[in-house]
Amino acid sequence: MDIQLDPARDDLPLMANTSHILVKHYVLDLDVDFESQVIEGTIVLFLEDGNRFKKQNSSIEEACQSESNKACKFGMPEPCHIPVTNARTFSSEMEYNDFAICSKGEKDTSDKDGNHDNQEHASGISSSKYCCDTGNHGSEDFLLVLDCCDLSVLKVEEVDVAAVPGLEKFTRSPELTVVSEEFRNQIVRELVTLPANRWREQLDYYARCSQAPGCGELLFDTDTWSLQIRKTGAQTATDFPHAIRIWYKTKPEGRSVTWTSDQSGRPCVYTVGSPINNRALFPCQEPPVAMSTWQATVRAAASFVVLMSGENSAKPTQLWEECSSWYYYVTMPMPASTFTIAVGCWTEMKMETWSSNDLATERPFSPSEANFRHVGVCSHMEYPCRFQNASATTQEIIPHRVFAPVCLTGACQETLLRLIPPCLSAAHSVLGAHPFSRLDVLIVPANFPSLGMASPHIMFLSQSILTGGNHLCGTRLCHEIAHAWFGLAIGARDWTEEWLSEGFATHLEDVFWATAQQLAPYEAREQQELRACLRWRRLQDEMQCSPEEMQVLRPSKDKTGHTSDSGASVIKHGLNPEKIFMQVHYLKGYFLLRFLAKRLGDETYFSFLRKFVHTFHGQLILSQDFLQMLLENIPEEKRLELSVENIYQDWLESSGIPKPLQRERRAGAECGLARQVRAEVTKWIGVNRRPRKRKRREKEEVFEKVRHRWCELIVKHKFTKAYKSVERFLQEDQERPQQDSFIRLLLAWGTRLELTLDIKGGIMWLLKPSAHSPVHILVLLFPRGWSQPGTHKRQILVNAASLPGGCLLPWIWSGAALRF
């Protein structure tokens, strides 16, 4: 399967050749510069060739099928503080300061897009080589293809991991005594496969290797969507260097991050979860199958806070007076697309009062608590798993921090802070152990395009949820918390199956929120039925306003999850600008899960869901994985001709509203709460459609007529001292008969002349001097309800000043003039 890209199409290409080689760990070392709006630094990739990880995957599958497997008992990650100095000071060619000077002083070898390459060699690397098998080219060199765009790649080099003291113990072959490519690669192979209970030692070695000197530059080339790297003479993935360092910098216009100002007017930058994910933040393997761990050191001005996907609650380390460093790490393998960073002048908020229960459940783990018991078989690749930790499985509320711009701290204190503990506790009561050990919550800038976004250990929330009361804030919080299980701990192997993330989160947000509110069962049912009614109407609107081909939850059908021989693929409609506004995957996925929960009964369904989470956490799934396991757990009498094929046909592979849902909505009776809301809405719609008449009391009408006659006398006798009274009269509401008579009076004093001036829907007359009026009078008429005419006052005055005569009565310009 070759990937042929059509620029006119809206599919998103995933170019990384993950079938041949995988990134197992990233070490990022970055500087954030707000003045130039650039993130610059290095990233070190630790790789594993295809033969090795294919064997591991097959053994994992065998383990899942075997009932005699023993439980995996891994050490839990505790807060780990690894002192990481500037990795670039160990470059074999030059130090970081020297590099910065050279990059400015030497001739710029970048192309028009800002991409650099090895000019003397890279011309031989075709940018179209990703379309062929990059695993073994015979006489050609192996290509490492990474997903990359909107980046300036400056240099790529091999890392000499053999130069790190202590790593020689990882070489098992006694004959490998001479430092060679095979020697270095064996060190990396052993390092990336260390058992999970040695995760702290592994992170330390990763950090030390990332600081090791380079041992030769590698050839590279870039195109629109990828970075391609090769080493002369390395013809297979096994021969290719397994530790490489890439020097790069982002571009201000890069689509993975947004440079903006927060609500307090201070600069900030954050990842936006854009369609292209993180490939404009760092070169990476974007396909979900490329699950990796990472650690990152980020430097920024001392006044900034750096938040990131990380298991540790990082604190700043001051490097010098105006610069701080932040360090985060992750030991659970995740797709690179889930990496998130936010840098800004955020303020951390804490609850003013804590209950004893909160304190008990929020305490961090001590080393003595990192003992494990058999909870069940984990089927994922080896990592320190919380599902194997007795303390973690009973921890209802994980430690959390809340950050926001200083101007929003009050609103956060009133709503968000006190909702987080009950929502976390509710999620735990429904699904069990939290997959992640802690949570940071950030109120992002006003230009954030969504209500929320969940990433490992960090959640972005829009400021909009702070103004909608507890309900809006609580439901959105529950939605993002649900993504910790569905979307992160359990991810979709094919990104076109978004319903596996968004459908589950939408369905679970109602359950979590009802539990957090401690509603009685009948109250919870009525609230959920009301929300189902609202979603039903939204789904109907969505079906009418969206293209049919984008209404399908499984657009690739039988080819879902398939890739090319190299691992490259395309995400159907991944770049379509309409997609970010669509809710099809949320709504159809929600109604499918609601349909299945009703068929099984809530107790049976959520019992199954906990079993499913325990079976598939830490893994990627397709629709059939969920549906097959579900149907196996449905009693025969409740199955009623349900099958994977029927669900595909009715719900996942067809456009429009699913037929079972149409039948259900026609047959189903609304709950009492929904009927009340519908009646109330109908009543107010009718009220708003009634013609409205303005009623005035008799006294007010008499007084207005007196004022009107008084103004006529003022104008007639040119009583200039009372012009302010006319001005006030013109600014207040009047009935049309009085207006017409006053207009006639004014027009009788001069010659009518219509002018062509832009006054936004108003009418203007210039009354020329006459025997009765020796000056120009400008009369403005605006429709009733015409808003703020004073905003155009300057423009009209300038135009009027150019008219002959030039003298205008001052009072005519003070307000809205006459209205009709």
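Every value quoted in this text rests on a predicted model; they were computed, and no experiment measured them. (Residues numbered from 1 in each chain as written. Predicted model: local features only at pLDDT ≥ 70, side-chain atom pairs only at ≥ 80, totals over all residues. Heavy atoms only, no water.)

### Side note on the overall build of the chain
Step number 1: When helices and strands are counted, the chain shows 21 helices and 27 strands.
Step number 2: Classification of the 820 residues of the chain by burial places 54% in the buried group.
Step number 3: Taking as baseline every contact in the chain between residues at least 6 positions apart, the subset at least 24 positions apart corresponds to 75%.
Step number 4: Surface exposure of the chain reaches about 37,200 Å², of which carbon and sulfur atoms provide 50%. (Helix = DSSP H or I, 4+ residues; strand = E, 2+ residues; numbered from the N terminus. Buried < 20%, exposed > 50% of the residue type's maximum accessible area, 1.4 Å probe, protein only. Contact = heavy atoms within 4.5 Å. Areas by Shrake-Rupley, 256 points an atom, 1.4 Å probe, with all protein chains shown as cover.)

### Some thoughts on the packing of helix H7 (residues 409-431) against helix H8 (residues 469-482)
Step number 1: Taken N-terminus to C-terminus, the directions of H7 and H8 make an angle of 45 degrees; their axes are 9 Å apart at the nearest point. Compared by their axis directions, H7 and H8 come out oblique. You can see that H7 and H8 cross each other, and the crossing is right-handed. Each of Thr 415, Leu 416, Arg 418, Leu 419, Ile 420, Cys 423, Leu 424 and Ala 427 in H7 lies in contact with H8, whose residues at this interface are Asn 470, Cys 473, Gly 474, Leu 477, Cys 478 and Ile 481.
Step number 2: Taken together, the residues of the contact of H7 with H8 break down into 10 nonpolar, 3 polar and 1 charged. (Axes fitted to C-alpha atoms, helices over the stretch in contact; angles between N-to-C directions. Parallel < 35°, antiparallel > 145°, perpendicular 65-115°, else oblique. Left-handed = near helix turned anticlockwise from the far one by under 90°. Nonpolar A, V, L, I, M, F, W, Y, C, P; charged D, E, K, R; others polar.)

### A few points about the environment of Phe 591
Step number 1: Inspection of the secondary structure puts Phe 591 in helix H11 (residues 584-600).
Step number 2: On the basis of relative accessibility, which here comes to 2%, the residue Phe 591 falls in the buried class.
Step number 3: Separated by 84 residues in sequence, Phe 591 and His 507 have C-alpha atoms that sit 7.9 Å apart.
Step number 4: Filtering out sequence-adjacent residues up to four positions away, Phe 591 remains in contact with Ala 532, Arg 535, Trp 536, Leu 539, Trp 651 and Leu 661.

### A closer look at the pattern of salt bridges
Step number 1: Per the counting criterion, the structure on display carries 30 salt bridges.
Step number 2: Note that Glu 201 and Arg 198 form a salt bridge whose closest N and O atoms lie 2.7 Å from each other.
Step number 3: According to the relative accessible area criterion, Arg 198 is partly exposed, its value standing at 31%.
Step number 4: A network of salt bridges, in which partner residues are shared, links Glu 158, Asp 160, Glu 181, Arg 184 and Lys 231. (Salt bridge = Lys/Arg side-chain N within 4 Å of Asp/Glu carboxyl O.)

### As for the pairing of strand S19 (residues 439-443)
Step number 1: With 5 of 5 residues buried, S19 is to be regarded as a mostly interior element.
Step number 2: Pairing between strand S18 (residues 400-404) and S19: 4 bridges, direction parallel. Bridging from a neighbouring strand, Val 402 pairs with Val 441 of S19.
Step number 3: In this region the chain leaves S18, passes through H7 and returns to the parallel neighbour S19; the handedness of that crossover is left-handed. (Pairing = 2+ DSSP bridges. Right-handed = clockwise from strand over helix to strand, strands pointing away.)

### Thoughts on the nonpolar core
Step number 1: Ranked by internal contacts, the top residues of the largest apolar core, which has 156 residues, are Tyr 26, Ile 229, Ile 246, Leu 416, Phe 486, Tyr 605 and Phe 626.
Step number 2: No other element matches the 11 residues that H7 contributes to this core.
Step number 3: Excluding residues within four positions of it along the chain, Ile 229 makes contact with Phe 142, Leu 143, Leu 144, Leu 146, Val 156, Leu 218, Leu 219, Phe 220, Phe 240, Ile 244 and Ile 246.
Step number 4: Counting residues in each nonpolar core, the second largest holds 23 residues, with Phe 46, Phe 170, Ile 187 and Trp 199 among its members. (Core = buried A, V, L, I, M, F, W, Y, C linked by side-chain atoms within 4.5 Å.)

### Things to note about a nonpolar patch on the surface
Step number 1: A contiguous nonpolar patch, built from Val 677, Val 681 and Ile 685 and spanning about 200 Å² of accessible area, is present on the exposed surface.
Step number 2: By secondary structure assignment, the location of Val 681 is in helix H17 (residues 672-689).
Step number 3: Residue Val 681 is classed as partly exposed on the basis of its relative accessible area, which comes to 42%. (Patch = residues over 30% accessible without salt bridge, like charges linked within 9 Å, V, L, I, M, F, W, Y side chains within 5 Å.)

### Let's talk about empty space enclosed by the protein
Step number 1: Taken as a whole and judged by the stated rule, the model has 3 cavities of 30 Å³ or more.
Step number 2: Computed from the structure, the largest cavity encloses a volume of approximately 150 Å³.
Step number 3: At the level of elements, strand S20 (452-455), strand S21 (458-461) and H8 are the ones that each hand at least two residues to the lining of the largest cavity.
Step number 4: Its residues assigned to classes, the lining of the largest cavity comprises 13 nonpolar, 4 polar and 2 charged. (1 Å grid on protein atoms, 1.4 Å probe; cavity = no way out; pocket = protein on both sides within 12 Å on 5 of 7 lines; lining within 4 Å. Points joined across faces, edges and corners; volume = space filled by probe spheres on them.)

### A short note on the confidence of the model for the chain
Step number 1: Summing up the model confidence of the chain, the mean pLDDT is 78 and the portion of residues at 70 or higher is 71%.
Step number 2: Mean pLDDT across the elements of the chain bottoms out in helix H2 (residues 96-105) (31) and peaks in strand S9 (residues 243-250) (98).
Step number 3: Of the regions scoring below 50 in pLDDT, residues 59-79 engages in 44 contacts with residues more than four places distant in sequence or in other chains.
Step number 4: Contacts for the low-pLDDT stretch residues 781-820, under 50 throughout, to residues beyond four places or in other chains number 78 contacts. (pLDDT = per-residue confidence, 0-100.)

### Comments concerning the sheet that holds strand S11 (residues 267-271)
Step number 1: Reading across from one edge, S10-S11-S16-S13 is the order of the 4 strands in this open sheet, with antiparallel pairing throughout. Whereas interior strands pair on both sides, the edge strands pair on one side only; in this sheet they are strand S10 (257-261) and strand S13 (305-308). Taken pair by pair, the neighbouring strands of this sheet meet at an average axis angle of 15 degrees, ignoring direction.
Step number 2: Pairing of S13 with strand S16 (residues 341-344), which is carried by 4 bridges, proceeds in the antiparallel orientation.

### A word on the sheet that holds S20
Step number 1: The strand order across the open sheet built from 5 strands is S17-S18-S19-S21-S20, with neighbouring strands paired in mixed fashion. Single-partner strands in this sheet number two, and they are strand S17 (347-349) and S20. Between one strand axis and the next, the sheet turns by 20 degrees as a mean value, whatever way the strands run.
Step number 2: The pairing of S17 with S18 spans 3 bridges and is antiparallel. Each residue of the ladder has a partner; that of Glu 348, found in S18, is Phe 403.

### Topic: helix H13 (residues 623-632)
Step number 1: If you check which residues of H13 are buried, you get Ser 623, Phe 626, Leu 627, Met 629, Leu 630 and Leu 631.
Step number 2: Check the buried side of H13 and you find it contacts helix H9 (499-516), H11, helix H12 (602-616), helix H14 (636-639) and helix H15 (644-652).

### What about the packing of H9 against helix H10 (residues 521-545)?
Step number 1: For the pair H9 and H10, the least separation of the axes is 10 Å and the interaxial angle reads 150 degrees. Overall, the two elements H9 and H10 adopt an arrangement that is roughly antiparallel. Regarding H9 and H10, the two cross each other, and that crossing is right-handed. Every residue of H10 that contacts H9 at Thr 506, Glu 509, Asp 510, Val 511, Trp 513 and Ala 514 is listed here: Ala 524, Gln 527, Gln 528, Arg 531 and Arg 535.
Step number 2: Split into classes, the residues belonging to the contact of H9 with H10 amount to 4 nonpolar, 3 polar and 4 charged.

### So, the pairing of S18
Step number 1: In terms of residue burial, S18 counts as a mostly covered element, since 5 of its 5 residues are buried.
Step number 2: Covered by surrounding structure in S18 are His 400, Val 402 and Ala 404 together with Arg 401 and Phe 403, the residues of both alternating faces.

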